[in-house]
Amino acid sequence: MTNTADNTEKKNRLLSLDVFRGLTIMAMIVANSPNTYGELSHAYWDGIHFADLIFPFFILIVGVAISLGFKNIHADSPNLKPVLQKVWKRTCIMFALGLVVNLFYTHFEQVRILGVLQRIALVYLVCCYLAVYCSVRTIIKTGIALLVLYWLFVLFVPAPGLPAGHLERGENIINWFDRFMPGMLWRGEWDPEGLLSTFPSVVTGIMGMLIGRIIIAAKGELSDAVMHLFLFGFLTFCAGCVWSLGFPFIKQIWSSSFVLATGGIGAMILAVMVWYTDIKGHRAGTAIPVIFGANAITAYVLHVIIEKCLDWEIAGTSVHAAWVEWSLQAGFSEFASATTWVVMFVGICFIPVYWLYRKQIFIKI
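Residues numbered from 1 in each chain as written. Predicted model: local features only at pLDDT ≥ 70, side-chain atom pairs only at ≥ 80, totals over all residues. Heavy atoms only, no water.

(A) Up close: the overall build of the protein. Check the secondary structure of the protein and you find 14 helices and two strands. In summary, the protein has a C-alpha radius of gyration of 21 Å against a globular reference of 21 Å for 365 residues, a match within 12%. Across its three principal directions, the C-alpha atoms of the protein cover 60 × 55 × 35 Å. With 365 residues in all, the protein has 48% of them scored as buried. Considering only contacts in the protein between residues 6 or more positions apart, those separated by 24 or more positions represent 72%. Counting only carbon and sulfur atoms, one obtains 66% of the accessible surface of the protein, whose full area is about 17,700 Å². Of the side chains in the protein, 25 bear a positive and 22 a negative charge, and the two mean positions are spaced by 14 Å. (Helix = DSSP H or I, 4+ residues; strand = E, 2+ residues; numbered from the N terminus. Rg over C-alpha atoms; globule rule 2.2 N^0.38 Å. Buried < 20%, exposed > 50% of the residue type's maximum accessible area, 1.4 Å probe, protein only. Contact = heavy atoms within 4.5 Å. Areas by Shrake-Rupley, 256 points an atom, 1.4 Å probe, with all protein chains shown as cover. Lys, Arg positive; Asp, Glu negative; His and termini not counted. Charge placed at Lys NZ, Arg CZ, Asp CG, Glu CD.)

(B) Inspection of the packing of aromatic side chains at higher detail. The full count for this structure, using the stated rule, is 18 aromatic pairs. With centroids separated by 5.3 Å and ring planes inclined at 85°, the aromatic side chains of phenylalanine 55 and tryptophan 254 adopt a geometry described as edge-to-face. Of this pair, phenylalanine 55 sits in helix α3 (residues 50-69) while tryptophan 254 sits in the loop between α9 (222-243) and α10 (256-279), and the two are 199 residues apart along the sequence. Of the two residues examined, phenylalanine 55 and tryptophan 254, each falls in the buried class. (Phe/Tyr/Trp six-rings, centres within 6.5 Å; stacked < 30°, edge-to-face > 60°.)

(C) A look at the layout of surface pockets. Approximately 610 Å³ is the volume attributed to the second largest pocket. What lines the second largest pocket is a set of 28 residues, among which Asn32, His42, Val116, Trp186 and Glu193 lie closest to the centre. Those elements that place two or more of their residues in the lining of the second largest pocket are α2 (15-32), α3, α4 (80-102), α5 (116-133) and α12 (296-310). With four residues, the top contributor of residues to the lining of the second largest pocket is α12. (1 Å grid on protein atoms, 1.4 Å probe; cavity = no way out; pocket = protein on both sides within 12 Å on 5 of 7 lines; lining within 4 Å. Points joined across faces, edges and corners; volume = space filled by probe spheres on them.)

(D) Representation of helix α6 (residues 136-156) within the structure. Its 21 residues place the ends of α6 30 Å apart at the C-alpha level, agreeing with the 30 Å of an ideal helix rising 1.5 Å per residue. By the burial criterion, the buried members of α6 are Ile139, Gly143, Leu147, Tyr150 and Val154. Taken down its axis, α6 places every buried residue within 70° of arc, on the same side. Exposed positions of α6 whose direction lies more than 90 degrees from the buried face are Arg137, Lys141, Leu149 and Phe156. Looking at the buried residues of α6, the elements they touch are α5, α7 (173-178), α8 (198-217), α9 and α10. (Expected span 1.5 Å × (residues − 1). Arc of directions from axis to C-beta.)

(E) Structural context of the confidence of the model for the protein. Here the protein averages 90 in pLDDT, while 95% of its residues score no lower than 70. Across residues 1-11, where pLDDT falls below 50, the model places 16 contacts with residues more than four positions away in sequence or in other chains. (pLDDT = per-residue confidence, 0-100.)

(F) Structural detail: the state of the cysteines. Summed over the entire model, instances satisfying the criterion amount to zero disulfides. Considering cysteine sulfurs only, cysteine 127 is the nearest to cysteine 134, which forms no disulfide, with 10 Å between them. A residue is classified by how much of its surface remains accessible, and cysteine 134, at 22% relative accessible area, is partly exposed. With no disulfide of its own, cysteine 349 lies 11 Å from the sulfur of cysteine 309, the closest cysteine sulfur. Taking relative accessible area as the criterion, cysteine 349 reaches 2% and is therefore assigned buried. (Disulfide = S-S within 2.5 Å.)

(G) Layout of unusual backbone geometry. You will see that tryptophan 254, though not glycine, has its phi angle at about 55°, which is positive. Positioned with a positive phi, glutamine 360 is a non-glycine residue whose angle comes to about 55°. Tracing the backbone shows glutamine 360 in the loop between α14 (334-358) and β2 (362-363).

(H) Inspection of the pattern of salt bridges at higher detail. As enumerated under the stated definition, the model contains four salt bridges in all. One salt bridge in this structure joins arginine 112 and glutamate 193, with 2.6 Å as the shortest N-O distance. Of the two residues, arginine 112 sits in the loop between α4 and α5 while glutamate 193 sits in the loop between α7 and α8, which places them 81 residues apart along the sequence. Of the two residues examined, arginine 112 and glutamate 193, each falls in the buried class. The partner of lysine 251 in a salt bridge is glutamate 193, and the shortest N-O contact between them spans 3.4 Å. Of the two residues, lysine 251 sits in the loop between α9 and α10 while glutamate 193 sits in the loop between α7 and α8, which places them 58 residues apart along the sequence. Residues joined in a network through salt bridges with shared partners are Arg112, Asp191, Glu193 and Lys251. (Salt bridge = Lys/Arg side-chain N within 4 Å of Asp/Glu carboxyl O.)

What follows is the structure, given as structure tokens:
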């Protein structure tokens, strides 16, 4: 569906949220680029690298948008039915789009059922219903309960052949459940966007909702919002660090400590962006992120298509392989070759979203 921009809506939007969304999409493209390695890539298992922040940040943004969009919607609203119909429509379209994206990696009969867009869709659905039917206190209790119960499940429920609390890569109760999923699994026998790890990812969405509530409660006093956002982020980050002593940061099972730490980092970053763009009015460095953020889902899908096209072999080689060979022969170091490729890849992905932005075309689900 294609919509033109609405001037009134723009006036009421936080530029910082658009910039945060755009930077997150740009970071996702960088992390998913071929040759990305080191701290820019995902942690092998435990720990938090740059790439491990990206997916939680995107879900966090979804939660913020839900709070801002549903601030006048509640269980007794006369227009609730069409709103929920739209929620279900968006969920189904996003889930189906995720399946389409997964087809680029395998055959139809082995298509991966879960994935990035599918997880976002499920979190969006659950958080929308929480926003409509639950008070803030109930939402907080739900989030805490999900994180604690998930931790206790991992701690006390053993997988067949493994002791309870075992947390090795691919050898734990969360990854064991993935084997019952039909179709392709991203890691062969388990999936980082598996079924059980979707539950704590809902809490990342809830944290985004709470961030949105903090912004709403500020009633336009953005300096207060910045202070409260930073405090919220710092406290949840510290709580995550403490929890990591017993339940490590593991993005690929979305551990409870990982939820709190990444959500806290996201809240603090958003606080800085609110201060920089919405309070101080600075615009330097925001143009490209805003353009990417205006068509975030489109940019995500396009970057997968473009990546596959650049890796498509013709006459025994691909554009990407040819670049690697040429750059190394030209005297580039591996780091310089990979970095230059990532910059070019982001630039190529920018062309279609820039064209859409110039035409004031915003593809929304």
